[in-house]
Structures are given as structure tokens and as C-alpha cells.
Amino acid sequence: MAIFTDTALELTKDSRPAPKHSERRGGENEFEDYDTTLLENRLSVGDFEKIQSAFECKRKLKPTKAIEARKSSAMSPGWQTGVYCAFVQSLMNVHWKMKIARSSEPKRTICMSRDEFMQRMTETIGWGTKEEYGELFDKVDVARDGFINWDKLTSFILLSLYEKDERTKAMVVPQWNDLEFLPGKHKDTIQKVIFLKSSSRYLTISKEGLLGLWGENLKLQETLPITSDATKLKHLWVTSLVSLENVNKIAVAFTTKEICFYDLLSKEDFPCQYKVQGLKGAPICMDYWYHPLDANESVLSFGDITGKVQAIAFTAALISLFERPASDCEDEEATTTITWAELVSGSHKCCYVLQHALHHGAWVRQVTYNASLDAIISGTTAGTNSVVLAWREKSKKHLKMTSFNIAQGVHGFDYHSRLNLIATAGINNKVCLWNPYVVSKPVGELRGHSASVIAVQFFSERKQLFSFSRDKVLRLWDIHYQLSIQRIACPFPKSQDFRCLFHFDEAHGRLFISFNNQLALLTMKSEASKRVRSHAKAVTCVLYSSLSKQVISADVGSTVSFWMVDTGQKIKQFTGCHGNAEISTMALDANETRLLTGGTDGTVKVWDFNGHCHHTLNVRQDGAVDISQILVLKKTILVVGWERALTVFRPQNFNQFSIPSEEWKGGTKHHDDILCAAFSPPQTLATGSYDGEIILWNNSTENAYHVLHPDYQRQLNSKLDKEPQSLLGAEESCFTHPVAHQAPQNFDADTEGSNAVTRLCFLESRKHIATTEGATLVSCGGSGFVRFWDTYKKQLLAEFLAHGGTGSVIMSIDKLNKYLTTGATDGWLKIWNIEEYCLHSSKKKITQTPPLIRSWQPHEDRVSSVEICEAGGHVLVISSSADCSVCMTGLGDVPVLIFGQAKHWHIESCLAPPKGNMDLMKSECQEETTKVKSLSKEDPFADPSEHCLLSKESEDDITHSVRASEDINLLIPYKERNTYKKKADKLYCGESTHKAANAFRSLSIGALREVPEVNKPAFLLDPDKYFRRELEEEKPNVPARPLLSETLKAVFDEKNLFPKEILDRERKAKQLCEETSCEVKIKRNKKQL
């Protein structure tokens, strides 16, 4: 992969009017049109306090709009990111303080005329001229009422600040990483680049018909040739490609005057499902749109070399794009051929055709259907009718059109719906901005390119515009000022005959530029400086304490912070816990009264919640080590994460401050760094390493007995076995794969860490069903895969790709094993429903993903830790990241809350479910609480002398909180990894339960109690008192109703049912019809004579 440095990437900013004030944030210049000569820009918060007091008189106080705006925008992140947010916030605080401090005597605001306003303001504020206050009055009094009040003044100030803040955002210049060329297999010109939202993959297609599939990490995953039956491959050209997202298909246009539709969900490699043939000209550009609320409505538009613009409007896309003959319905894989004449004639009832030929033979360079305009926009390189807007009026078949005449024509265009502007890429080196309803002249011209512009695209969020010219220069324009704010010269090789393609993926901040068969990428740098920060440095791990209802987070600066989960308020903070060494992992003891922190200085420290360190566990004495996880068990504390070894600390040594480590009896069995561990009562321990091995241990004997790996299984030799040679047969009999005995011989096979195990978690809640089949262990790690294992049968049951192309992932599972949360290096989190996933064993490995509940991106950098917990009846997902933030959200579509934000929250209001589901959620929470209690009861047959480590008050058999933290760079080999790594992984495993085989042992069954004698109730002893019938009161005689036959005056017919006017109208219509038919018969007879 060729990567160009900053010297190869020319990045300059054009000259522009220098602002009066500028602020630098994260390497970005924010230009502000902040004119200090204006009176409203010189007023301070104290001045506004004086102005408000001048507008008040004694009566009822009316809440101002500023106060209401503060209430409505308190949770809005936009008010926290603006340039003037501090001033606005201060102004709001003044209103609140004045409202609280003011006496209970009712007041109201008054109105002032222009002269009164000028006089009172100069007297009240004490500075400024009357002319300046008069100008301010005229700006506020837009309606020319002749008077203003406090509400009008504050509305004007807030609106002006909002507009300035929006302009400031538009002036922010994006920062880019170095230009990077993506290695591909295309041999001819790349014709199109598209992004598939459903699978988070990119598709590229070249002129020779080679389709490339790229992952989220922009690694080429697969290439597939797409051919046509009409001609051989060497005579075939692919001209365009579009994605039909609502029906999971792609459409490809060919020079053979046909469009083929391929199914993305088919088991085979993109079979052709439909083929539209017989077009009048070869289509060279296409576009597809579907209705976001009704996916059945969609439009496929395309333009050809004859100047025709055509569109196929589908009305039942989810059912079928086209009608299939009965013969094709039997074979679903067969290709259905549709002729263009059939579509034009209307023989297919599920679609209809729209077309026009206003371009008069000029090649249609670009076409699109825009829903906001409800029109088809097309452009050509002709000077007349360069851009055409065509729309269809109701109840009319033909299209109405309007056109823009642009000198020398255009190569492309783009439309911004919010700005209502069409930008055109002119051959005359100009970028023009057009109002769709004004065709006479453009509303703006952007000059600066020295060659013809070949592509334009709006940066919608920032209201900016990209333009790319033939001399390989990319410019970014500010639409408000119509100035170039950035210029990038792309270092493509010099060539006279070349074709460039430009595509900006705004959602991911990726800009693709192709030069013939080469594909280049510019990635926008993340603007993490604008985010709310929970810590000053990157956060490595996060915990949740259910006892104190607090979130605990730690960072690389050795700082531990405590947050209230109900409000997000920081209540305390410990600094310098490990000196200058970073905290890589944390854990809580069984009673959640002690906090264990592990640092890169090779120590594990035991803290109370007052910041006092009780013990220091010395893992190693010879320099820094990487502690990836602390596992707190009943009798021991296990620490893993360096040189393939486990370190153990035992409770009998906890009578002193500094505690040395002891030897693990099982020795070293891993061949690479241990990254994580998990425990399942009564004695099963699992450890995962960087090379993908998962070793199962007997925690009582501290001996390993089996190795799990995605590619092999292996039986381990125990120290207690007296006949080691007999294990050979057992080893071969335990293999799940035929090559099991050969795989362990090559331990360097996974040098890139694609199988690295970063998290392990036992599914404890499944043990109460006493089953010996189904998944009991979950692992995740390298390449974004999550795997489910059966530890009884030593078998891999399922694996699925949770995050494609993002490298290593981490995970967390709730206590009831219903939800699995995964986090990736790109800041994305996903929640999966695993309640019924892999409950039974199967012969074939399952690759289907569990149901996806939610997918969102709360972070802008790598997710370092994730935790699922329950608080206040809500299931919460807490995550930390290298972007210095700790976020919290729920399972549904609820907002993402950031610890450390200025406005505290109330968890009940922020994460409240819909009213209709409240009763259902309460019942589910009660059931879940009952299950947890029943699973955590103490074993009556356990040794009473055993006690919990770190606290003697624990009543649980064993509770372990696992917090692993190690940032694994999968792009470099293991041997080259630095010892002082960045730690950022964490695993949480809930309360442990007894092994399924001991389910009946845990039951406490005693003698049945005698049933006490039950006294008869009073209603059985004296039934007359309760069931005696009261004497019925005499009821008055009610005469019987007469029969219907006696009261019916006439036989029912329709004349009695309908009004006379309707019957007369119907009679006249019949007479007129009869007269007309008679006249027709008479005329027909005359003609025959």
C-alpha cells in the first residue's frame, strides 16, 4: 500500500477576509464574523441583567423566552459545542439566579418605545450612545410595531448568536490524513464506488466487469467477474452501478444496451435475477431512490448516449420488481428477461416508465431523482439544456420540464435540500449555484479552478461543497461566503488520457478519488476535541458497582473517577494511584467494598472507596509488565497478562501491606500472552491468549486439561498422570478436527492476531436447566468474530462476524445471559439478543448472527471497555473509549449520556420506556430478580471454613468481576509489539452459579410440616345469614310490547328506505340511458340501410 506523506499532499488555504476574532481548536481555525463595533456584541452579562431589570415592573413575573430556551436546550449537544455557548449559558444562568433570588412580589415585563428605550438604556447601562441603542431597537423591532419588550430583545440576541454559531461551524476546515492508495485488482477504469449500508461494505466496479467487495476497514475481501450473455467479456463494458438497498440487489448497466439486476442475498455469487434488454441507447449513468417510509415505492433513473432520460418507477418493490412468467417462478434462480417495449407498453403492473429526450442527442453525464423536488435531474455537456428538471403532475402521463443553459455544459451536479441549491461542475472551470426555480442566472459562482470541473458534492452537515477538477485539484468551498477554504492537490501520475471518479462518504468521513484503475482514499480526522470529556486522558476501563450505584472509570494518567449513575455527577476522584504508570485494568471484590487496580508498574493495589490503599500485590519485580486482567476468586486472586503465565495470590498472605506472588501449580501452558480469563463454579477456569488458544483449567488442582482453538482441539497432559504415554490415544480421540494434532506444532501461524482472544465469559444462567448441550462459553477478539463454545463436548458451536473490518473487538454479557454487547476499534457498539442462541448442539457450525437489537456509535475512537448492568429497572450499557469519554445508554432508542457533561441528567426521565411497556418491563424485572436470587444461593454442602478473600462478610460462594485491559494492535506481529502497550479491553461476567451436575445437591429438602387445623369460615357455619334471599318487592305491571306484525303499516321496500330525491334522480338517469340507447340503435339501423 502506497502511503504519501504530508510533503506529497499539498494542502493550502485560500486567502479570505481576516476575522476580528479567531479561535483554534484541535488544529482547526474557526473563523468568526464577530464585529465588535456592534452594540449587541459589546454587551456583557451584567449589562443584560441591568436591561432585564429596566424592563420589569411590579406584577406577575412572566418566564422569558431565554429561560424557556435554556430549558428546552439543556440536553442539546449543540449548545455545548458552539463558539458562543459560554456566553449564552452565562446569560441563562443570570435569568435563573434572578428568578430565584427575586422576592415573591409578582412582577411583569413592560414595553418600551424607541425614544423611551434609548433614554432608559443610556441611563441604566451607563455607556453607549443613543444612536447605537436606536439601531439596536430597529433590529429588534422587525415587525415595526413601534415598541419592544424583554422577550423580543432576548429572542433577537439568541437568534443572532445561533446564526453566528452556525456560520462558525461552516467555516471549520476539515483535517485529513495522508492520501492513501488502496491496493486492488481492477485492470481497467473504475466506473463507480458505492457503500452498502446493510452490510457496511463498499462496492467498486471497473469497465471490464470486475466487481470488488471491500470491508469496513477498506481491505479488498473478494472480486467477482460480472458478465453478460449478449457478448463476450472482451467486448463488454460496464458503465454504471447502483445499489437497491431496500430489496438487497444491485443494478449494473452495460454497453450492450441492457441493465442486469443481481441478488446480494443469494447463496451463489451474485446471480442475475432480472435483465432489461432492448434499450434504445447504451445507459452510461444510473441512480436509485426508495421511499424511507414505504420501501415499496422506488425509482430507478438512467441516462444514455442518445440524450434520453428514462426512469422506472416501482410500486411494489418489496414483492417483486417485475412480473415473472409462470415458467420462471418454478426456478427461482433463473434469469427473467424483460424487454424495454414491455415496460413502455405497461404490461408490468408493478412498475411504470417515465422518459424525456430534451437533451437532443447529448450524452447524459449524470441523472438522479430527488424526492424533495419530486423531479428527475439530469445534466449533459451541451451548452443548451445543460441541466434539466423533469417532473410529473398528478393525473398526467407526460413530464413537465425546465432547463438551465450553461456555457459548454456540465460534467456533474449535486443538490442540497436544506439550502435548496443545485451546484454544477462546469466545463468552463466554474462551479455555479442555482435556485431550482430560477433558470435565468445562477445565484452564485465559485471561481478558483484552472481546469474544467468534473465533479461536485455537498458536505451537507457543514453546508460546504467539494469540487474536483481535471488538473487533479480538490477544493472545499464555504457556501455562505462563496469562498474556497481548502485546496488539496492530489499526487496522481501525469497522463493525458485518464478518467477520474469522485465520491465522498459523509457518514464515515471518507473521500474516494479514482484515477483510471487506481483508487485513492482521504480520511477525515476525527474532531474529538469538541466532545465532552470524562477524563483528561484516554479511558482504559470502566466498572459498575451495584451496591453504591456508581460507575468507576480509570485512565492512562493513573486517575480513578467515581460517578453517580442516576445523575452523571462526579462524586470523587483518586489521582496518581500508580504514580506515573497507567491503570490497565480494575476489578471489585465480592462485597463491592474493595477496588483492585492493576498498573503497568507491575503492581495490583487494593483500595477502599475512601482512597486508602490497604495492600500492594507485587506481580513482578523486574520492570514494567502488562496486566491484562484481575480475577477475584474465593480463595485466590489471579492476575494474567504477560509471558504466558498466571500469577496467584492466596489469602493467608493478606496480613501485611506488600504481598509477593506465588507460583501457579499448573505451570506455563500458553504459547503467547494471556489476554483474558473467566471462571465458572465450582472449579472451571478458562484463559485466552493472543494466538487464539483457550485453555481450560481445574482451579482446585491448578492443572490444565484441554485446549480450544477455532482450528484445532488438543488434550493437555496433567502433572498428576502417572502414564503420560497413554495420553496419545486420548489426545487423538478428543480431536474435533482432523488436523488437530498437527496444528499446535506451528505456534506462529497467527502472527497477525486474527484469532486473538480478548474476552471470555461463561454463560452461567444456562446451568439451571441442567443441560449438557449448547454453548456455555463465549469468546471474542481478533478480526471481529464472536464464538460460542460447548465446554462439555469441547466443540465450537457457532461463530459470527460482529464488526467487520475493525480488527479486535471486546464484549460484555448481562447476568441473565440475554444480551451481548460488542465494541469495536471504530467507536461502534452493537447489542445482540442471545437468549435463545446456541441452546443446543449441532453437527454443523452455526454462522448466522443472533438478532441485532441496536447499533450505534457513541465514541469517535477505540472502545476500550464495555459493561452491561441493571439500575432502576433499566438495562444500561456503559462504555469507555480512548477518546477520553465514558458513555451510558439503554437497549432501545434512547439518548447517549456522557459522564462529565455540564447538565446532569435524571435516569428515569432520560431512559424511560414507552408507557405501554411499563407493566411488561416491571414484570420482567421481577422475574429476572427472582432468577438471580435463586441462582446465587449458597451450597449447603460447601466447606464452612472457606471464606471470601478481602472480606469476611461475604455470603456468596464466589463472585468474580473481570476487567481486562490490553490494546492489541493486530496490524503488527506479536514479536514486534511494544512491552509498554496501551491497555483498553475489559470483560464483565456476572454472578456465578453452581455447576449443573450439582443442581439437586443445592436443594434443601426437610420434613414436611403438619397442616394445621383449619376453622370453618362464618359463611359455612351460618349460611342463612349470608345467603338468605330478600323478599322481592312488588314490581309494577309493565304492559307487553305489541308484535311487529301488528305495528307494521306497510310492506318494506326500497322506496321507503331512500329519500324521494334520490329515487327521482335514479329514475331520470334510467330514462336518459334508455333514450340514449334508443337513439344509438336508430342511427345504427340507418347506417345499415
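Think of each chain on its own: its residues are numbered from 1, step by step along the sequence as written. Under the rules for a predicted model, residues below a pLDDT of 70 receive no local features and side-chain atom pairs below 80 are neither given nor counted, while totals for whole chains, interfaces and linings still include all residues. Remark: hydrogens and water are excluded; side-chain values derive from all non-hydrogen atoms of the structure.

Going by what an unreviewed UniProt entry lists, the protein chain is known as WD repeat-containing protein 49 and is assigned to Dipodomys ordii.

Another aspect to go through is the packing of aromatic side chains. To describe a pair of aromatic rings, one takes the distance between the centres and the angle between the planes. Pairing of aromatic side chains requires ring centres within 6.5 Å, counting the rings of Phe and Tyr and the six-membered ring of Trp. Pairs whose planes differ by under 30 degrees are stacked, by over 60 edge-to-face, and all others tilted. On inspection of all chains with the given rule, the structure shows 29 aromatic pairs. With a centroid separation of 5.1 Å and an interplanar angle of 70°, the aromatic rings of Phe899 and Trp905 are classed as edge-to-face. Relative accessibility decides the category of a residue: with a 1.4 Å probe and only protein chains considered, values under 20% of the type maximum give buried, values over 50% give exposed, and everything between is partly exposed. In this structure Phe899 comes out as buried when scored by relative accessible area, which is 0%. A relative accessible area of 4% means that Trp905 is categorised as buried. Grouping aromatic residues by their ring pairs yields a cluster made of Trp176, Phe459, Phe466, Phe468, Phe502 and Phe504. The criterion for a charge sitting over a ring is simple: Lys NZ or Arg CZ within 6 Å of the ring centre, and within 35 degrees of the ring normal. Stacked on the ring of Phe147, the Lys or Arg Lys152 has its end atom at 4.9 Å from the ring centre. In this structure, Arg854 packs its charged tip against the face of Trp856, placed 4.5 Å from the ring centre.

Attention now moves to the nonpolar core. The nonpolar core is taken to be a set of buried Ala, Val, Leu, Ile, Met, Phe, Trp, Tyr and Cys residues, with the residues joined through side-chain atoms within 4.5 Å. By size, the foremost hydrophobic cluster in this structure holds 25 residues, and its most contacted members are Phe466, Phe468, Phe502 and Leu511. Put simply, DSSP H or I for four residues or longer makes a helix, DSSP E for two residues or longer makes a strand, and each gets a number counted from the N terminus. Elements that contribute at least two residues to this core include exactly β30 (453-459), β31 (464-469), β32 (473-478), β33 (483-489), β34 (500-505), β35 (510-515) and β36 (518-523). Contacts are residue-level and defined by heavy atoms, with any inter-residue pair within 4.5 Å sufficient. If we ignore the near neighbours within four places in the chain, the residues touching Phe502 are Ala455, Gln457, Phe466, Phe468, Leu474, Leu511, Phe512 and Ile513. Formed by 24 residues, the second largest nonpolar core is a distinct cluster that contains Ile312, Phe314, Phe322 and Cys351.

Turning our eyes to something else, we now look at the packing of helix α5 (residues 114-125) against helix α6 (residues 130-140). Remark: α5 packs on α6, axes separated minimally by 9 Å, with the N-to-C direction vectors making an angle of 125°. Taken as axis vectors, α5 and α6 run oblique relative to one another. Handedness of the crossing formed by α5 with α6: right-handed. Packed against α5, whose contacting residues are Arg114, Phe117, Met118, Gln119, Met121, Thr122 and Ile125, the element α6 presents Lys130, Tyr133, Gly134, Glu135, Leu136, Phe137 and Asp138 at the interface. Under the convention adopted here, Pro, Cys and the residues Ala, Val, Leu, Ile, Met, Phe, Trp and Tyr are nonpolar, Asp, Glu, Lys and Arg are charged, and Gly plus all remaining residues are polar. Of the residues belonging to the contact of α5 with α6, the class tally is seven nonpolar, three polar and four charged. Helix axes are fitted to C-alpha atoms over the stretch in contact, other axes to C-alpha atoms as well, and angles between N-to-C directions run from 0 to 180 degrees. Here the word oblique covers every angle except those under 35 degrees (roughly parallel), over 145 (roughly antiparallel) and from 65 to 115 (roughly perpendicular). In a left-handed crossing the near helix is turned counterclockwise from the far helix by less than a right angle, and in a right-handed crossing that turn is clockwise.

A few words now on the sheet that holds strand β22 (residues 364-370). With antiparallel pairing, four strands are arranged side by side in an open sheet as β22-β23-β24-β25. Edge strands, defined here as strands with exactly one partner in the open sheet, are β22 and β25 (399-404). Looking at each pair of strands side by side, their axes are set apart by 20° on average, direction ignored. Bridge analysis of β22 against strand β23 (residues 375-380) gives six bridges, and the strand direction is antiparallel. Pairing of Asn370 across the sheet is with Ala375, part of β23. At least two bridges found by DSSP between two strands are what make those strands a pair.

UniProt positions are given in the numbering used here, feature names are shortened, and annotations may be inferred rather than shown by experiment. The feature "domain: EF-hand" (unreviewed entry), as given by UniProt, occupies residues 128-163 in the numbering adopted here. For the annotated span residues 128-163, helix accounts for 69% and strand for 6% of the residues, and the straight-line distance between the end C-alpha atoms is 25 Å.

So, on to the confidence of the model for the protein chain. A residue's pLDDT is the confidence the predictor assigns to it, expressed on a 0 to 100 scale. Within the protein chain, residue pLDDT values average 76, and 71% of them lie at 70 or more. Contacts for the low-pLDDT stretch residues 717-751, under 50 throughout, to residues beyond four places or in other chains number 46 contacts.

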